[in-house]
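Chains, contacts and geometry: an overview
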Amino acid sequence: MTDYANTSQGDRVAYDLRGSGPAVVFVTGAGPDRADDPVTAETAEHVADAGLTAVTFDRLGRGESPAEGRLDLDRELAAIAALIEVVGGPAVLVGHSSGCSVSLRAADAGLPVAGLALWEAPLGGTAAQAQAWADEIERLLDTGDHENAMRHYMKDMPPEWLAEIEASPAWPSIARTVAAYRADAQSLAWAQRALEEGALDVTVPVLAMYGAETFPEMPVAAASIVAAVPNGTEKEMPGAMHSWAPEPMATQLAELARRCAG
């Protein structure tokens, strides 16, 4: 059953809570909400069965967390803070794709984060390139040009991904969902700059993972994160096409959450 949490920024966030014990909060990347993310839902079920609390939620502007206006990174961090409050204390954040950079920013900003499990952070290139990319997305969003904002957001992804959604009759409505990606773009630009400048202030345990079948940039990004934190581990896991295998992932998350809980 869906529950709701109110944030300090005035937003209402829809979430599912499963199980009890040390907490993990899943932070998805650009795109999915709970209704169309069966991999995360299954993983959360396994995590709960392992004796932990698992929280999945719809990020702002998605699914059952409708939100208007400028959906920036500060509002997204307030949503995560509200969910950590729901579970009653520090939690391990499980970031997927750009959810990794959102999670890194949450820990760097001093939210009560016990640890980070990061799956395939899409980081690379230079900070200047990342900032220019994010700035262009924001410019297009500010002018209401959602279709070109979506195209620009996806410009470094496999071209067939964009071609598939552009061919859909639902393309105009799909493109409008990019309004919810502002926080993702901001967080990715921030993370790339923090890595480049050696300014990442994250002291909790960090597990940077990638699939056994993945894009060549993903292990490189994982290594760069691990090199930037004092307590980091890099690990290849079962998974392909930017997604993980639920049962092995849940086992790994349970191990990390128990270690972080002491």
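Scroll up a little and you will see the structure.
This write-up is about the structure you can find in this document. Here the structure is a predicted model, which means the values were calculated and not measured.

1. Let's talk about the packing of helix H4 (residues 127-142) against helix H8 (residues 182-197)
For the pair H4 and H8, interaxial distance at closest approach is 8 Å and the crossing angle is 165°. It follows that H4 is roughly antiparallel to H8 by the angle criterion. Between H4 and H8 lies a crossing whose hand is left-handed. Every residue of H8 that contacts H4 at Ala127, Ala130, Gln131, Trp133, Ala134, Ile137, Glu138, Leu141 and Asp142 is listed here: Arg182, Ala185, Gln186, Leu188, Ala189, Gln192, Arg193 and Glu196. Residues that form the contact of H4 with H8 fall into these classes: nine nonpolar, three polar and five charged.

2. Overview of the pattern of salt bridges
Scanning the model with the defined rule gives 17 salt bridges in all. Between Glu45 and Arg18 there is a salt bridge whose closest N-O contact spans 3.1 Å. Pair noted here: Glu45 is in helix H1 (residues 38-49) and Arg18 is in strand S2 (residues 12-18), with a separation of 27 residues, a long-range link. Here Glu76 makes a salt bridge to Arg59, at a shortest N to O gap of 3.4 Å. On the criterion of sequence distance, the pair formed by Glu76 in helix H2 (residues 73-86) and Arg59 in the loop between strand S4 (53-57) and H2 is long-range, its members being 17 residues apart. Note on Arg59: relative accessible area 0%, which makes it buried. Residues joined in a network through salt bridges with shared partners are Arg70, Asp72, Glu138, Asp142 and Arg182.

What counts as what
- Residues numbered from 1 in each chain as written.
- Predicted model: local features only at pLDDT ≥ 70, side-chain atom pairs only at ≥ 80, totals over all residues.
- Heavy atoms only, no water.
- Axes fitted to C-alpha atoms, helices over the stretch in contact; angles between N-to-C directions.
- Helix = DSSP H or I, 4+ residues; strand = E, 2+ residues; numbered from the N terminus.
- Parallel < 35°, antiparallel > 145°, perpendicular 65-115°, else oblique.
- Left-handed = near helix turned anticlockwise from the far one by under 90°.
- Contact = heavy atoms within 4.5 Å.
- Nonpolar A, V, L, I, M, F, W, Y, C, P; charged D, E, K, R; others polar.
- Salt bridge = Lys/Arg side-chain N within 4 Å of Asp/Glu carboxyl O.
- Buried < 20%, exposed > 50% of the residue type's maximum accessible area, 1.4 Å probe, protein only.

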